[in-house]
Number of protein chains: 2
Amino acid sequence: MRRSNLALVLRHLGARGSRSRAGIAADTGLNKATVSSLVAELVDRGLVREGEPHRAGAVGRPGKDVALDGRCVGGIGVEVNVDYLTAVVLDLTSTVLFEQRVALDVPSLPPEDVLDAVAGLTSRAIRECERRDVLPVGVTVAIPALVDVAAGVVAFAPNLRWRDVPVVRGLADRLTGPLAEHPMPIRVANDANLAALGEHAMGGVAGTADLVHLTGGMGVGAGVISGGRLLGGAEGFSGEVGHIQLDPAGHECGCGRRGCWETLVGMAGMLRLAADADDPVSDPALGLDQRLDMIRCRAETGDRRTLDALERVGAGLGVGAAILINFVNPRAVVLGGYFACLGPYLLGPMRAELRARVIAPDIGGCRVELSTLGFAAASRGGANAALEAVFDDPAIVPIRSAARVSATGSG
Amino acid sequence: MRRSNLALVLRHLGARGSRSRAGIAADTGLNKATVSSLVAELVDRGLVREGEPHRAGAVGRPGKDVALDGRCVGGIGVEVNVDYLTAVVLDLTSTVLFEQRVALDVPSLPPEDVLDAVAGLTSRAIRECERRDVLPVGVTVAIPALVDVAAGVVAFAPNLRWRDVPVVRGLADRLTGPLAEHPMPIRVANDANLAALGEHAMGGVAGTADLVHLTGGMGVGAGVISGGRLLGGAEGFSGEVGHIQLDPAGHECGCGRRGCWETLVGMAGMLRLAADADDPVSDPALGLDQRLDMIRCRAETGDRRTLDALERVGAGLGVGAAILINFVNPRAVVLGGYFACLGPYLLGPMRAELRARVIAPDIGGCRVELSTLGFAAASRGGANAALEAVFDDPAIVPIRSAARVSATGSG
DNA sequence: CCGGTTAGTCGGTCGGATCAACGAATCGCG
DNA sequence: CGCGATTCGTTGATCCGACCGACTAACCGG
């Protein structure tokens, strides 16, 4: 019970921002004395800090604000993608403490080599935590794949050419040293799911309890937050929306069928619409980032062909998103990945299509927004997922007695 | 804390069936003494009963099983549909205490008249509760409509020709008498959503935490249970899957577009495939039940035309359901409404289509099953939703001291 | 009849939430 | 400047309720 009350107070501070003890008591319904005791314990654990003596304005004794103190714990998020790895460390306030990106041609390497690289990056993140005297509380790996979350196994990742790769076990085996010093859970999840979690935790729609996040890459991935919780599915295989067949007479798809959503709005489909085969944009030797930049440039200069292509992609987004919105009625749809880069050109036609196709009046009260995290959403989501452990049970963070300045904390 | 522990024990008994106090303690991690005290309180509240002295078989003193005792509380579920109203009272063990169906041509009546009839049926259900000395704990109305659950308003119900009907308020106004005696919450929700809840609570897939329920009627409705909770959406507008456009070149739909899912698998679409306009089955003067019976008869006698039609409907079910399964990765898809009647003829082609279209290996571990509740699922789900209040907080049921036999209970 | 084993209850203990009252800090006002 | 009013946070007393150990109850097999 103590635990759940500690969690209640910590969550409240995280969600609603800092406030006085009396304010917390009023909001949560707990007793003032109880809140005082809980806050004291959270301070001892380094999770919470006493802030400014509230600027006086009203009558009465001004309270001292209590605020989340990130500096004691860190969540680690790692993203494995087709051509890079990213690791990020976030503190409790979702501030970035460390971020590193490594180029890596994942599909051309055996999974073991990739796991070596992931382990290297992760231990660098852990060392950075140690250097800052921050307790690492968990690692979450985001992968564009069907992930069996419970087993910690990547079942199938066509873009990486992986099948049945035991990521959690592989990583744990490679990190025995750091893990012995800082025991913490390792998890794997689908990147689109984690991106949704990232937007929910710290994006432009932070705090929205019901949202759908669409990640635009070579394919399209979806993540759903419903009632404030990630919809993971029975096996963790949720969010596979790329092969929704919008038009049986459409363009051929890698899956063998025609007219899948991603043939219309995936990066390849967008490029096909925007440029002929002999156009420099279609040169596969260039990186995707560069080709994307070229497209944006052309759009900005008003190139007709490009604008038409983006309009069709936007409309395609609307057609597919309408299906999802009708199904789960989110409060917001967030466009991430490459959609975010080209957002201004996609939003108009997408919204028009939604207005026409969503059954509920006024698109069911659903907003369409661009991701503020962009390609970083998945790793942020992973780090936040790791931090959830602290919000669930603040008592996992040890008490550092009274000493505030402890350079080489032994706890 | 006491409350949450009471709820914990009651939920456990509901989900896992009756067992001894020691068994409950072992399962929940609570102390034996604590469980004894909690069970005693639940017995006082009439929610739980001491059963048979466990048939001895092993060594040691045999424990006395504790079981859910339904007989003290009742949840009321009311369904409003195109041509009938249904009310049902379920006790805590999901046993039917009362069930009544009234024919009513809803679209031809003003909503006020329909609400009068609903109120009449509901108060009959409440009187039945009184007669049995059962405490009614809530009313949930299931309606085939876009329902703003929070506001208790039907936003839009094309089949009923309703728009912005304040059902909760209307019903509360008409039930002031009974409600004064038994204060209880009234709620409205979408019928497909509640049907999913019904299957989850007491259907063939009872206890499955992640499932999708498809209701086949004139349209198609979906309900999603994810992580054991109903996915209601931000405004309660979830489950509108009937107008997923499977083929832009398909048959015309009432919504103005072509090739919507319900043109393929809705009852009208099925009948169109199975019979020409001059066929007796196509006679709109007959009730839907009768026409459905005729179709089933023909299928049973091996009529080629009918079997071909049902095969196409089954395949269409698979095409649409694949989209939903890829999106939310349920453990089971339950076919309800008219799909359940014709299930044997639909399942084969549906499963074949799913195997081809679901991305996750082995259909993501998703089973396809026929509803065991059929058309009753929505009202059962509503009654169960009302009973949730008791499982959430058993303390809402008053203590009836020691007296067991109280004909006219004043509590 | 007696040890062995498991079920349920009883009295004591203790963690921790609540309550009431008090000291602390600020404002408005005379 | 002093005083009441007001709100904040803490302190000591109280009490609820979960936990623990020990006991009795009820069955088994020999």
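This text follows the structure it describes.
Figured I'd write up the structure that's included with this text. Remember, predicted model here, so these are calculated numbers, not experimental data.

### Observations concerning the environment of L231(B)
Residue and element names in this part refer to chain B. With respect to the helices, strands and loops of the structure, L231 is situated in the loop between β14 (229–230) and α8 (261–265). Judged by relative accessible area, which is 2%, L231 ranks as buried. Along the backbone, L231 and N193 are 38 residues apart, and their C-alpha atoms lie at a distance of 8.0 Å.

### Overview of the interface of chain B and chain A
Between chain B and chain A, the residue contacts involve 41 residues of the former and 41 residues of the latter. Both faces considered, chain B and chain A share a buried interface measuring about 3,600 Å² in area, 61% of it formed by carbon and sulfur atoms. The largest contributions to the chain B side of the interface with chain A come from F327(B), N329(B) and I359(B), which together make up 19% of the buried area. Our enumeration of links across chain B and chain A arrives at 2 salt bridges. A salt bridge links R331(A) to E235(B); the nearest nitrogen and oxygen atoms lie 2.8 Å apart.

### A look at the state of the cysteines
As enumerated under the stated definition, the model contains 0 disulfides over all chains in all. Just so you know, C297(A) is unpaired, no disulfide at all, and the nearest cysteine sulfur is the one on C341(A), 13 Å from it.

### Some thoughts on the side chain of N81(A)
Take N81(A): it is sitting in the loop between β4 (73–80) and β5 (84–91). In contact with N81(A), other than residues within four places in its own chain, are V106(A), P144(A), L160(A) and D191(A).

### Looking at empty space enclosed by the protein
Per the counting criterion, the structure on display carries 3 cavities of 30 Å³ or more. Empty space within the largest cavity amounts to approximately 70 Å³. Forming the boundary of the largest cavity are H243(A), I244(A), Q245(A), R257(A), L246(B), V319(B), A322(B), I323(B), N326(B) and R357(B). The element contributing the most residues to the lining of the largest cavity is helix α11 (residues 304–328) of chain B, with 4 residues. Considered class by class, the residues forming the lining of the largest cavity number 5 nonpolar, 3 polar and 2 charged.

### A word on the pairing of strand β13 (residues 220–226) of chain B
All names here are of chain B. Among the 7 residues of β13, 7 are classified as buried, and the element is accordingly described as predominantly covered. Burial along β13 is two-sided: V220, A222, V224 and S226 and G221, G223 and I225, pointing in opposite directions, are all buried. In the sheet, strand β12 (residues 211–216) pairs with β13 via 6 bridges, with the strands oriented antiparallel. Considered in β13, the bridge of H213 is made with G223. Hairpin connection of β12 to β13: 3 residues between the antiparallel strands. Taken together, the 2 bridges between β13 and β14 define a ladder with antiparallel strand orientation.

### Structural notes on the side chain of H213(B)
Residues and elements named next belong to chain B. You can see H213 is positioned in strand β12. A distance of 3.3 Å separates a polar atom in the side chain of H213 from a polar atom in the side chain of T215. Beyond its immediate stretch of four places on either side in the chain, H213 contacts A192, A195, A196, E199, G221, A222, G223, V334, G336, S371 and A377.

### What about the nonpolar core?
It is characteristic of soluble globular proteins that their nonpolar side chains tend to be buried jointly. If you look at the biggest cluster of nonpolar residues, it comprises 101 residues, and the most contacted ones within it are L214(A), W261(A), M270(A), L214(B), W261(B) and M270(B). Of the residues forming this core, the biggest block, 13 residues, is contributed by α11(B).

Scoring rules and cut-offs
Residues numbered from 1 in each chain as written. Chains lettered and ligands numbered in written order. Predicted model: local features only at pLDDT ≥ 70, side-chain atom pairs only at ≥ 80, totals over all residues. Heavy atoms only, no water. Helix = DSSP H or I, 4+ residues; strand = E, 2+ residues; numbered from the N terminus. Buried < 20%, exposed > 50% of the residue type's maximum accessible area, 1.4 Å probe, protein only. Contact = heavy atoms within 4.5 Å. Buried area = accessible area lost by both parts, 1.4 Å probe. Salt bridge = Lys/Arg side-chain N within 4 Å of Asp/Glu carboxyl O. Disulfide = S-S within 2.5 Å. 1 Å grid on protein atoms, 1.4 Å probe; cavity = no way out; pocket = protein on both sides within 12 Å on 5 of 7 lines; lining within 4 Å. Points joined across faces, edges and corners; volume = space filled by probe spheres on them. Nonpolar A, V, L, I, M, F, W, Y, C, P; charged D, E, K, R; others polar. Pairing = 2+ DSSP bridges. Polar contact = N/O pair within 3.5 Å; in protein donor to acceptor, adjacent residues only side chain to side chain. Core = buried A, V, L, I, M, F, W, Y, C linked by side-chain atoms within 4.5 Å.

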